[in-house]
Amino acid sequence: MSLEKFNIIESTLREGEQFVGANFTPEQKLKIADALDEFGVEYLELTSPLASPQSRIDCETIARRGLKAKILTHIRCHKDDAAIALDTGVGGLDVVIGTSSMLREFSHGKSIDEIIELASEVLTWIRSQAPDIELRFSTEDSFRSEEKDLMRVYLAVDKLGVVNRLGIADTVGVATPRRVFELISSLRRLTHADIEFHGHNDTGCAIANSFSALEAGATHIDTSVLGIGERNGITPLGGFVARMYAHNKAATKKKYKLKKLRKVDQLVAEIVGVAVPFNNYITGVTAFTHKAGIHSKAILNKPETYEILDPQDFGLTRYISIAHKLTGWNAIKDRAEQLGLELSDAQIKLVTQEVKALADIKQLDLEDVDELLHRWAEEQMTEDRPQTTDATSPIAYRAAPKENGRNEKQLVKQTL
Ligand SMILES: [Zn+2]
């Protein structure tokens, strides 16, 4: 059920601001908020207005911007914080308190009973002040908290009947999909409110944990663009969307403007001063690049053979890499056709052999392959291809002495 009806709480403007390279200006925050709103996320979570005077102004500005996404801000479980947050005009408050023994001992120093008492008081007060606001209560470091403590807190809060959502947070990235499934399944059985999952990616489980949370009945998943956040961050928006698309393509395409994802990733990468990783979900340069000859052949015949994500749905194109030793003649033939060159299959196979032989001795690029193809096509137009060992002929590369790599490289360089 939740797998089809999930919501994204996009936290680039809260968790993402905790990324070491992020120091958003008000204008940058607006750009990011607008881009995410265009993409279609259901919620935007903003840094607490208590963080700094400008954070407060930014909260007010974004809350008034008339975006389709609901605007949330993230605050500690304090009445004073809540009062200031409510004044900003946001549509929802995400209230958090630590429940692990470490956080209780080294952070706020409260017992579980004291946490329940404080949460009850603050949440009931917020609801009395703002009957229509969306209210979430989350524990922090949930997966290193005693489960009996966690459940006592959640049951008590759920019983108040004032919160819309209960949040589970893998604050340190320690959870595994199975553990997430178990904990959220218990919470689903015992409580009535919606369930939000916030997962850090320290051990690479954030996306799988988020999916597992939905399978267990969670309704809301926190993400950030490129996964930026504390340390190595949280569930990345693009990766999570890729997972949901693989699960239900039609529903995901309907829910979000997938073609805007690239713009969102690039915008945030540029603002925080990083490159989009080469192997990033969907928008990395290699995400739709195929290389091995056997893959290329199948991809040319039917892309789904090796693709579960259709690049066109994301406004992207697939690329078949052909300038290497693993290339296949079907891919080379496809390239010749793209270039409008007429070569027989036998000739294409010879060109393919040459590409492989050259790739053994130097780094090739597409231009090298194109030049070879053009040369074969030109020679075919003038006469039957001469069988020569002339150093200017591509055939000469195969004949060149292997033991003298440097000379061979130089030869290749000269003739290509
Ligand atoms: Zn976090």
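Conventions and cut-offs
- Residues numbered from 1 in each chain as written.
- Predicted model: local features only at pLDDT ≥ 70, side-chain atom pairs only at ≥ 80, totals over all residues.
- Axes fitted to C-alpha atoms, helices over the stretch in contact; angles between N-to-C directions.
- Helix = DSSP H or I, 4+ residues; strand = E, 2+ residues; numbered from the N terminus.
- Parallel < 35°, antiparallel > 145°, perpendicular 65-115°, else oblique.
- Contact = placed C-beta atoms within 7 Å.
- Nonpolar A, V, L, I, M, F, W, Y, C, P; charged D, E, K, R; others polar.
- Buried ≥ 20, exposed ≤ 12 C-beta atoms within 10 Å, placed from the backbone.
- Pairing = 2+ DSSP bridges.
- Right-handed = clockwise from strand over helix to strand, strands pointing away.
- pLDDT = per-residue confidence, 0-100.
- Domains from an automatic or database assignment.

Focus: the packing of helix 13 (residues 293-301) against helix 14 (residues 329-338)
Phase 1: Closest axis-to-axis distance for the helix 13/helix 14 pair is 7 Å, and the angle between their directions is 50°. The orientation of helix 13 with respect to helix 14, classified from their angle, is oblique. Contacts between helix 13 and helix 14 involve Gly293, Ser296, Lys297 and Leu300 from the former and Asn330, Ala331 and Asp334 from the latter.
Phase 2: In terms of residue class, the contact of helix 13 with helix 14 is made up of two nonpolar, three polar and two charged.

Thoughts on the pairing of strand 5 (residues 134-140)
Note on strand geometry: in a regular strand, side chains alternate between the two faces of the sheet.
Phase 1: Counted residue by residue, strand 5 has six buried out of seven residues, so it is predominantly covered.
Phase 2: Sheet analysis places strand 4 (residues 92-98) next to strand 5, joined by seven bridges and oriented parallel. The partner of Gly92 across the bridge, within strand 5, is Glu134.
Phase 3: Across three bridges, strand 5 lies against strand 6 (residues 165-170) in parallel orientation. Bridging from a neighbouring strand, Ser138 pairs with Gly167 of strand 6.
Phase 4: Taken together, strand 5, helix 7 (residues 147-160) and strand 6 form a β-α-β motif whose crossover is right-handed.

With respect to the sheet that holds strand 3 (residues 70-76)
Phase 1: Overall, parallel pairing links the eight strands, which are arranged 1-2-3-4-5-6-7-8 in a closed barrel. Neighbouring strand axes in the sheet, compared pairwise and without regard to direction, differ in orientation by 25° on average.

With respect to the confidence of the model for the protein
Phase 1: Summary statistics for the protein give a mean pLDDT of 89 and a share of 91% for residues scoring 70 or more.
Phase 2: Segment residues 385-416: pLDDT under 50, and 32 contacts once partners within four positions in sequence are set aside and those in other chains are kept.

Considerations on the domain arrangement of the protein
Phase 1: One can read the domain layout of the protein as domain 1 (2-272) and domain 2 (289-415).
Phase 2: Distance between the C-alpha centres of domain 1 and domain 2: 49 Å.
Phase 3: Contacts between domain 1 and domain 2 engage eight residues on the former and six residues on the latter.
Phase 4: Of the residues that constitute the side of domain 1 that touches domain 2, the class distribution is five nonpolar, no polar and three charged.

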